[in-house]
Amino acid sequence: MQIASLHRYPVKGLAGQSLDAIELAAGAGVPHDRRFAILRGDTSFDPAQPRWVAKEKCVMLVRDTALARIRTLYDERSSVLVLEADGEPPLEASLASAEGRASAAAYVARIAEPSGGAPRLVEAGAMSFTDVPENCISIVGQASVDALSAACGTPLSRDRFRANVCLTGGDAFAEFGWLGREIALGDAIVRPFARIPRCAATSVNPETAQRDLTVPKALKQHFGHVDMGVYAEVVRGGRVAVGDAVAPPADAQA
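The following refers to the structure shown. Model, not experiment: these values are computed from the prediction.

## Some details on the overall build of the protein chain
Then comes step 1: A tally of regular secondary structure across the protein chain gives three helices and 15 strands.
Then comes step 2: The C-alpha atoms of the protein chain give a radius of gyration of 18 Å, which matches the 18 Å a tight globule of 254 residues would have.
Then comes step 3: For the protein chain, the residues scored as buried account for 49% of the 254 residues in total.
Then comes step 4: Partitioning the contacts of the protein chain with sequence separation of at least 6, the portion at a separation of at least 24 is 69%.
Then comes step 5: Looking at the protein chain as shown, the accessible area adds up to about 11,100 Å², and 49% of this sits on carbon and sulfur atoms.
Then comes step 6: Separation of charge centres in the protein chain, based on 27 positive and 30 negative side chains, amounts to 5 Å.

## Digging into the sheet that holds strand S7 (residues 88–94)
Then comes step 1: The antiparallel open sheet is built from three strands, whose spatial order is S5-S6-S7. Across the chains shown, the open sheet's two edge strands, defined by having one partner strand only, are strand S5 (71–75) and S7. Mean inter-strand twist for the sheet, computed between neighbouring axes without regard to direction, equals 10 degrees.
Then comes step 2: Note that S5 and strand S6 (residues 80–85) share five bridges and pair antiparallel. Note that in S6 the partner of Asp75 across the bridge is Val80.
Then comes step 3: Together, S6 and S7 form the strand contacts of helix H1 (residues 98–112), whose direction differs from that of S7 by roughly 155 degrees.

## Overview of the sheet that holds strand S13 (residues 227–236)
Then comes step 1: Spatially, the eight strands line up as an open sheet ordered S2-S1-S10-S9-S13-S12-S11-S15, and their pairing is mixed. Only two strands of the sheet have a single partner each, and these edge strands are strand S2 (17–19) and strand S15 (246–247).
Then comes step 2: Bridge count for strand S11 (residues 183–185) against S15 is two bridges, and the pairing is antiparallel. When the sheet's bridge partners are listed, Ala184 is paired in S15 with Ala247.
Then comes step 3: Sheet contacts for helix H2 (residues 142–152): strand S9 (137–141), strand S10 (165–168) and S13; angle to S9, the most-contacted strand, approximately 55 degrees.

## Points about the environment of Glu84
Then comes step 1: Tracing the backbone shows Glu84 in strand S6.
Then comes step 2: In this structure, Glu84 is in contact with Arg69, Ile70, Arg71, Pro90 and Tyr107, ignoring residues within four places of it in sequence.

## A look at the packing of H2 against helix H3 (residues 215–223)
Then comes step 1: Where H2 contacts H3, the axes come no closer than 10 Å and their chain directions differ by 85 degrees. Comparing their axes, H3 and H2 come out roughly perpendicular. Contact with H2, carried on its side by Ala147, Leu148, Ala151 and Cys152, involves Val215, Ala218, Leu219, His222 and Phe223 of H3 and no other residues of that element.
Then comes step 2: Of the residues in the contact of H2 with H3, the class split is eight nonpolar, one polar and no charged.

## Here we look at H1
Then comes step 1: Taking 1.5 Å of rise per residue, the 15 residues of H1 would be expected to cover 21 Å, and the 21 Å separating its terminal C-alpha atoms lies within 8% of that figure.
Then comes step 2: If you check which residues of H1 are buried, you get Gly100, Ala104, Ala105, Tyr107, Val108, Ala109, Ile111 and Ala112.
Then comes step 3: Where H1 is buried, its residues touch strand S4 (36–39), S6, S7 and strand S8 (120–123).
Then comes step 4: Just downstream of H1, Glu113 is the residue with a positive phi angle, here 50 degrees.

Parameters and conventions
Residues numbered from 1 in each chain as written. Predicted model: local features only at pLDDT ≥ 70, side-chain atom pairs only at ≥ 80, totals over all residues. Heavy atoms only, no water. Helix = DSSP H or I, 4+ residues; strand = E, 2+ residues; numbered from the N terminus. Rg over C-alpha atoms; globule rule 2.2 N^0.38 Å. Buried < 20%, exposed > 50% of the residue type's maximum accessible area, 1.4 Å probe, protein only. Contact = heavy atoms within 4.5 Å. Areas by Shrake-Rupley, 256 points an atom, 1.4 Å probe, with all protein chains shown as cover. Lys, Arg positive; Asp, Glu negative; His and termini not counted. Charge placed at Lys NZ, Arg CZ, Asp CG, Glu CD. Pairing = 2+ DSSP bridges. Axes fitted to C-alpha atoms, helices over the stretch in contact; angles between N-to-C directions. Parallel < 35°, antiparallel > 145°, perpendicular 65-115°, else oblique. Nonpolar A, V, L, I, M, F, W, Y, C, P; charged D, E, K, R; others polar. Expected span 1.5 Å × (residues − 1).

Listed below in structure tokens is the structure:
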């Protein structure tokens, strides 16, 4: 098995960035992944004491499908976020300033038109705004995506599942057998701890920003569950790069 792609999603709910390599640290997620979130206007949040926020409190794809129209580029050295959408002028905003965060939130609001009042862009601090409170990474096997594509009779992009790490090789859903076991990703060691139940956000085509397939229903119908991929904690940090070998547990199905 090999690492096929690596991604981070600097702003929760927005498009990700493809990476050639990452440095993982024990107990942490992918650097700058879900570092920011755009909260609904009716959500309370204290920037001085950041806390994990459930996805329902955020502007998110499951409700606001137009988010898929927005392309992103984040430079952690300058804290500059670039947002682009067809038919709209691009925006460059420094997320280090209140003004920049406000302009980025306003840009997203203009595209997605979320309910709940004027949204705010906030920073997670030492944690991240993943869908679970634990600092972790997400892993999806391309074989699992291919199995769902075959069952549905249409090719599905793995981008629907917004994973940090996508693997090639092995059997469909083999990663479910790794829970509680240590696996090697490049130079890092991770331990998957939970399957990822999928919501209606995966029904939004990332290329068209339209709902074109009810993915959770398809998973349930064809495989008896609504899961795709696993969450994993980083046990030992290290460099992880596209093309690196993946070593699952020796006695696990691979």
